[in-house]
Amino acid sequence: MTIKTVMVIGAGQMGAGIAQVFAQAGLQVFLNDMNEVALDKGMKNIEKLLARAVEKGRMEEEEKNSTLSRLTSTNTINDAQHCDLIVEAVVENMNVKTKVFKQLDEIAPKHAILASNTSSLPITEIASATNRASQVIGMHFMNPVPVMKLVEIIRGLQTSDETYQAIENLTHRLGKTPVEVSDFPGFVSNRILMPMINEAIYTLYEGVASVEDIDTVMKLGMNHPMGPLQLADFIGLDTCLYIMEVLHEGFGDSKYRPCPLLRKYVKAGWLGKKSGRGFYQYD
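No experiment lies behind these values; they were computed from the predicted model shown. (Residues numbered from 1 in each chain as written. Predicted model: local features only at pLDDT ≥ 70, side-chain atom pairs only at ≥ 80, totals over all residues. Heavy atoms only, no water.)

### Focus on the environment of Ser 182
By the element assignment, Ser 182 lies in strand E8 (residues 177-182). As for Ser 182 and Glu 152, which are separated by 30 residues in sequence, their C-alpha atoms are 9.7 Å apart. Residues in contact with Ser 182, not counting those within four places in the same chain, are Ile 154, Arg 155 and Phe 187. (Helix = DSSP H or I, 4+ residues; strand = E, 2+ residues; numbered from the N terminus. Contact = heavy atoms within 4.5 Å.)

### Remarks on the packing of helix H10 (residues 237-251) against helix H11 (residues 260-268)
Following both chains from N to C, one finds H10 and H11 inclined at 135 degrees, their axes separated by 9 Å at the closest point. Relative to H11, the element H10 lies oblique. Remark: the crossing between H10 and H11 carries left-handed chirality. Along its contact with H10, which presents Leu 237, Asp 238, Cys 240, Leu 241 and Glu 245, the element H11 presents Leu 262, Arg 263, Tyr 265 and Val 266. Looking at the contact of H10 with H11 residue by residue, the class counts come to six nonpolar, no polar and three charged. (Axes fitted to C-alpha atoms, helices over the stretch in contact; angles between N-to-C directions. Parallel < 35°, antiparallel > 145°, perpendicular 65-115°, else oblique. Left-handed = near helix turned anticlockwise from the far one by under 90°. Nonpolar A, V, L, I, M, F, W, Y, C, P; charged D, E, K, R; others polar.)

### Observations regarding the packing of aromatic side chains
One pass over the full model with this rule turns up six aromatic pairs. Relative to Phe 279, the ring of Tyr 265 has its centre 5.0 Å away and its plane inclined at 35 degrees; by these criteria the two rings are tilted. Taken as a pair, Tyr 265 in helix H11 and Phe 279 in the segment after H11 lie far apart in primary sequence, 14 residues in all. Counting every residue linked through ring pairs, the aromatic cluster contains Tyr 265, Trp 270 and Phe 279. One Lys or Arg, Arg 277, reaches over the ring of Trp 270 and ends 3.7 Å from the middle of that ring. (Phe/Tyr/Trp six-rings, centres within 6.5 Å; stacked < 30°, edge-to-face > 60°. Lys NZ or Arg CZ within 6 Å of the ring centre and 35° of its normal.)

### What about H11?
When H11 is considered as a whole, its buried residues turn out to be Leu 261, Leu 262 and Tyr 265. Each buried residue of H11 lies within a common arc of 105 degrees when the element is viewed along its axis, so the set occupies one face. The outward face of H11, more than 90 degrees from its buried face, is lined by the exposed residues Lys 264 and Lys 267. Taken together, the buried residues of H11 touch helix H7 (189-205) and H10. (Buried < 20%, exposed > 50% of the residue type's maximum accessible area, 1.4 Å probe, protein only. Arc of directions from axis to C-beta.)

### Considerations on the nonpolar core
In this structure, Phe 22, Leu 85, Met 139 and Phe 141 are the most contacted members of the largest nonpolar core, which totals 36 residues. Residue contacts for Phe 22: discarding those within four places in its chain leaves Val 6, Val 8, Leu 27, Val 29, Leu 85, Val 87, Met 139, Phe 141, Leu 170 and Leu 174. Counting residues in hydrophobic clusters, the runner-up holds 24 residues, among them Leu 104, Ile 154, Phe 187 and Val 246. (Core = buried A, V, L, I, M, F, W, Y, C linked by side-chain atoms within 4.5 Å.)

And the structure:
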């Protein structure tokens, strides 16, 4: 299957980044969001990142302009009827995602692949909202999308080999490295990362060390580029909590129980960098 036209649903940081890499790879891209403000912000962020790449000599002006020419913003999901692939990048909530996939199943062409950028939710359950489960797959990009090379490709129970191969080939075309993952809670990345972050929060909660010292141990002792508490702030503490809850519910194992301090911060509205305060304070 040849994928020429793509729609990305959700113009947030992840969605805009996914749309950018598709357009840079030569595909025609619709960036969709019902929220006009979010859509405008997403498009402007792409323009800003491309302009910065030109300034730093990583891209020619002509390439920037041709990339932008392949991007179209839209606030109607009906444009999915023109697409070979639709990538959903909306909020990490099963009810919201299944509603989107049900709509897409009715609108998108029969041959179209429906992919989710979910970071933890089961692809098999998302696919059950459609009549094309064999054409539903997970395509989990890492943040920031234009920089990070990894894409987890998650096969649902009914995902066909043809669908998987088409997405693996496309991932290579994007200049990314695909990793095939089975449909388990948290997949590989968050099944390993989130319990580490959660344990770092427990270490703080129990008074073992300060925020700065916990992060310093992991940076200098384990050669991590960023400490787990700072990373949690960048991911969003609400997102970290949600993923831990998915792991806890999915496996039924107490080792995935979210730390009470994480719950307290989320209830306080301390969500990390995006809210101005998490384990650190931000301007």
